[in-house]
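Results of the structural survey
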Amino acid sequence: MNTQHKKQLLLEAIKEMIADGVSVEIPVHGLSMFPCYLPGDVVKVIPIDFNNLKKGDVVFFERQKRIVFHRLIKFDHTKGQYLTKGDGLINFDKIINRDKLLAISILHKRNGKVLKIRHSIFIKQLIVITTPILGYFTYYLARIWYKLKNSPY
């Protein structure tokens, strides 16, 4: 069984567990949510309650047969359309339809310790407001951080 097939099976298992109402802990890969979320962090997700969804929440969705988790920037429940963006990216994602949203993050761990500040309403709103500007800065900062972290020196 090749790696791509294993990833697809894992994606399907995660989607099924979330659909069954089970909370799932998923490791963070990549730098799209830098500096709030780093590779190796773990997030706990639960099914989305669309009635309690707020700007700034970190949502999980499927894109090109991969799970992505980015911050919710804007939404229109009546049209079932959601705009997201990775904190460490320059551009916003394409509009996501309601049926592609899988879960919402309720817990964030780094090195086994729970980080509570990430879920404060004030911090979420601040990130939503500043992300269009800070995206450029965090995008390049993430690449520098990664290179330094993985440097043999």
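1. Let's talk about a nonpolar patch on the surface
On the surface, a nonpolar cluster with roughly 400 Å² of combined accessible area is contributed by I133, L134, F137 and L141. Checked against the element boundaries, L141 lands in helix α2 (residues 121-149). Exposure remark for L141: the relative accessible area of 33% places this residue in the partly exposed category.

2. Description of α2
Under the 1.5 Å per step criterion, the end-to-end length of α2 is only 31 Å for 29 residues, more than 12% shorter than the ideal 42 Å. The largest bend in α2 amounts to roughly 70° and is located at T131, with the proline P132 lying one to four residues further along. Within the sequence span of α2, burial applies to K124, I127, V128, T131, G135, T138 and A142. Buried residues along α2 sit against β4 (66-76) and β5 (81-85).

3. A look at the pairing of β4
Note that strand β3 (residues 58-63) and β4 share six bridges and pair antiparallel. Along β4, the bridge assignment pairs R63 with R66. In this structure, the hairpin formed by β3 and β4 is closed by a connection of two residues, where Q64 is found at a positive phi of approximately 50°. For β4 and β5, the ladder comprises five bridges, and the chain directions are antiparallel. Bridge pairing in β5 links K74 to L83. Linking β4 to β5, which pair antiparallel, is a turn of four residues; within it G80 sits at a positive phi near 70°.

4. Considering the confidence of the model for the protein chain
Chain-level pLDDT for the protein chain is 90 on average; 97% of the residues reach the 70-or-more range. Put simply, helix α1 (residues 3-19) is where the protein chain has its lowest mean pLDDT, 86, and β5 is where it has its highest, 97.

5. Here we look at the pattern of salt bridges
Pairing is possible between side chains of opposite charge, provided their charged atoms come close. For the coordinates displayed, the defined rule picks out seven salt bridges. Here K15 and E62 are joined by a salt bridge, their closest N and O atoms 2.8 Å apart. Of the two residues, K15 sits in helix α1 while E62 sits in strand β3, which places them 47 residues apart along the sequence. Given a relative accessible area of 23%, K15 falls into the partly exposed group. A salt bridge links D93 to R63; its shortest N-O distance comes to 3.3 Å.

Conventions and cut-offs
- Residues numbered from 1 in each chain as written.
- Predicted model: local features only at pLDDT ≥ 70, side-chain atom pairs only at ≥ 80, totals over all residues.
- Heavy atoms only, no water.
- Patch = residues over 30% accessible without salt bridge, like charges linked within 9 Å, V, L, I, M, F, W, Y side chains within 5 Å.
- Areas by Shrake-Rupley, 256 points an atom, 1.4 Å probe, with all protein chains shown as cover.
- Salt bridge = Lys/Arg side-chain N within 4 Å of Asp/Glu carboxyl O.
- Helix = DSSP H or I, 4+ residues; strand = E, 2+ residues; numbered from the N terminus.
- Buried < 20%, exposed > 50% of the residue type's maximum accessible area, 1.4 Å probe, protein only.
- Expected span 1.5 Å × (residues − 1).
- Bend = angle between axes of the 7 residues up to and from the residue.
- Contact = heavy atoms within 4.5 Å.
- Pairing = 2+ DSSP bridges.
- pLDDT = per-residue confidence, 0-100.

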